[in-house]
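Letter by letter, the chains look like this.
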Amino acid sequence: MSQPAPDATPLVLLHGTGQAPMAWEDVVVALYGSRRLLTPWVPGLKPTDRRSLPLDQAAAALDTQLMLEGMEQADVCGLGLGAMVAAQLAADHPGRVRRLVLVGGQVRPSRAALRMQSGLVRLAPAARLADAGLSKNRLLEALSVARDLDLTLVLPRITAPTLVVVGGTDRAGQLGARALVDGIAGARLRAVPGSGPAVNVDAPAELVTVLREFLD
């Protein structure tokens, strides 16, 4: 069995709304053996969680989990809502995050997009979502909470080297990506051609290349 390099910084991968940790499967397979990998549930999105959490509480819960995992410091990559939690973690607990990768993130989620997503979730059979490891009620609650999320005052506090990644066909995401880059000192932008918002699913091989180049 391949063992991670002893000096490699662990990598934490945070899924987005409408995803479960398994959404990172292709990325994990490609990176397996290069470093320790952790794909936790985003706090507040696990089907058994009592409620969705504001960003600061989700980041605090994640910080505690990483501490319990023995990860004094980690590279953190988040997608969608996971990217917002990752950004909050880097701002509130700077010692925990060595490098930060934000994929398909937003400073403030579009309320129109959230309404559309909520409508699609309401139409989706609960059993089909459950088969994917998702809770319909938890998704709807998370989308409702997301209306009030705002990283405007958080971004200037991020000191970790940051890469913002966006799908090449994700027009709404490109606006959010530019806003993130403008808000984080020294942040860089990388587009993945042909990918939509879910880069971890649409273009996992390309995302792995991006991660290796930035993190190694």
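One can find the structure itself at the top, above this paragraph.
Please read these numbers as outputs of a predicted model, since none were measured by experiment. (Residues numbered from 1 in each chain as written. Predicted model: local features only at pLDDT ≥ 70, side-chain atom pairs only at ≥ 80, totals over all residues. Heavy atoms only, no water.)

### Here's the deal with the overall build of the protein
Going by this rule: Comment: elements are numbered from the N terminus, with helices defined as DSSP H or I runs of at least four residues and strands as E runs of at least two. The Shrake-Rupley method, run with a 1.4 Å probe, gives the accessible areas here. Residue values count only the displayed protein chains as cover.
Helix and strand content of the protein: nine helices and six strands. Counting only carbon and sulfur atoms, one obtains 54% of the accessible surface of the protein, whose full area is about 10,400 Å².

### A short note on the nonpolar core
Our working rule: Each nonpolar core is a collection of buried residues, namely Ala, Val, Leu, Ile, Met, Phe, Trp, Tyr and Cys, held together in the definition by side-chain atoms within 4.5 Å. Relative accessibility decides the category of a residue: with a 1.4 Å probe and only protein chains considered, values under 20% of the type maximum give buried, values over 50% give exposed, and everything between is partly exposed. Between two residues, a contact is recorded if the distance between any of their heavy atoms is within 4.5 Å.
With 39 residues, the main nonpolar core has Val12, Leu14, Val76, Leu100, Leu102, Leu151 and Ile158 as its most contacted residues. Those elements giving two or more residues to this core turn out to be β1 (11-14), α2 (55-68), β3 (74-79), α3 (81-92), β4 (97-103), β5 (162-167) and α7 (171-183). The dominant element in this core, judged by the number of residues it contributes, is α3, at nine residues. Not counting chain neighbours up to four residues away, the residues in contact with leucine 14 comprise Trp24, Pro40, Val42, Leu62, Val76, Cys77, Gly78, Leu79, Gly82, Val85 and Ala86. Membership of the second largest hydrophobic core comes to 20 residues, among which are Leu13, Trp24, Val27 and Leu215.

### Description of the environment of glutamine 88
Here glutamine 88 is to be found in helix α3. Separated by 69 residues in the primary sequence, glutamine 88 and arginine 157 have C-alpha atoms spaced 9.1 Å apart. For glutamine 88, the contacting residues outside a window of four places in its chain are Leu55, Asp56, Ala59, Leu151, Val154 and Arg157.

### Quick look at the sheet that holds β5
Whether parallel or antiparallel, the strands of a sheet pair through hydrogen bonds between backbone atoms. Rules: For two strands to be treated as a pair, DSSP must find at least two bridges joining them. Structural elements are reduced to axes, namely lines fitted to C-alpha atoms, with helices fitted over the stretch in contact, and the angle between N-to-C directions of any two is expressed from 0 to 180 degrees.
Judged by pairing direction, the sheet is parallel, and its six strands sit side by side in the order β2-β1-β3-β4-β5-β6 without closing on themselves. Looking along the sheet, the strands with just one partner apiece sit at the ends: β2 (37-38) and β6 (188-192). Here α3 sits on the sheet and contacts β1, β3 and β4; the angle it forms with β4, its principal contact strand, is near 155 degrees. Helix α9 (residues 204-215) contacts β1, β3, β4, β5 and β6 of the sheet and is inclined by roughly 150 degrees relative to β4.

### Comments concerning the packing of α2 against α3
The line we're drawing: Angle categories are assigned with fixed cut-offs, so that under 35 degrees is roughly parallel, over 145 is roughly antiparallel, 65 to 115 is roughly perpendicular, and the rest are oblique. Here the nonpolar group is Ala, Val, Leu, Ile, Met, Phe, Trp, Tyr, Cys and Pro; Asp, Glu, Lys and Arg are the charged ones; every other residue, Gly included, is treated as polar.
Running from N to C, α2 and α3 cross one another at 75 degrees; their axes reach a closest spacing of 8 Å. Taken together, the axes of α2 and α3 are roughly perpendicular relative to one another. The segment α2 lies against α3, with Leu55, Asp56, Ala58, Ala59, Leu62, Asp63 and Leu66 engaging Leu81, Met84, Val85, Gln88, Leu89 and Asp92. When its residues are assigned to classes, the contact of α2 with α3 shows nine nonpolar, one polar and three charged.

What is shown is where atoms sit, not what they do.
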